[in-house]
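# Chains, contacts and geometry: an overview
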Amino acid sequence: GPGISQEAQEQIFKMFMVAHDHAKGYGLGLYIVQKAVEKLAGSITVVSEPEHFTEFQIVLPHQLASTVQVVS
């Protein structure tokens, strides 16, 4: 992608935020992803250099299978 400015990076996880004029969509994707990651006790970070790249890193905690309840 075209990269995201530092100012926009501080806002991109807000509902309906679109980082630039030529973006497609309604500004819900990163908001939804962040909420899902938070529910899973994880974290999401962004590194971007305008005009060059954007990188997102999602880290989720490892949970032992014994802690998962199976409902049948």
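Every chain begins its residue count from 1, and numbering advances along the sequence as written. Reporting of local features is limited, given that this is a predicted model, to residues whose pLDDT is at least 70; pairs of side-chain atoms are given and counted only at 80 or more, and all residues count toward the totals for whole chains, interfaces and linings. Side-chain figures throughout are based on the complete set of non-hydrogen atoms in the structure, without hydrogens or water.

## Quick notes on the pattern of salt bridges
Basic side-chain nitrogens of Lys or Arg form a salt bridge, by our definition, when they fall within 4 Å of a carboxyl oxygen of Asp or Glu. Under the definition given, this model contains 1 salt bridge. Between E38 and K35 there is a salt bridge; the shortest N-O distance is 3.7 Å. Of this pair, E38 and K35 both sit in helix α2 (residues 29-39), separated by 3 residues, roughly a single helical turn. With relative accessibility at 44%, the residue E38 sits in the partly exposed group. Under the DSSP-based scheme used, a helix requires at least four consecutive residues in state H or I and a strand at least two consecutive residues in state E, with every element numbered from the N terminus. The buried label applies to any residue whose accessible area, calculated with a 1.4 Å probe on protein chains only, is under 20% of its type's maximum; exposed applies above 50%, and partly exposed to all values in between.

## Observations concerning the pairing of strand β2 (residues 53-59)
In this scheme, strands are said to pair when DSSP sees at least two bridges between them. As paired elements, strand β1 (residues 43-49) and β2 share 7 bridges and run antiparallel to each other. What sits directly across from I44, in β2, is I58. The turn joining β1 and β2, which pair antiparallel and follow one another in sequence, is formed by 3 residues; a positive phi near 75° is taken by E51.

## Section: unusual backbone geometry
In this structure, F16 is a non-glycine residue whose phi angle is positive, near 70°. You can call F16 exposed: its relative accessible area is 55%.

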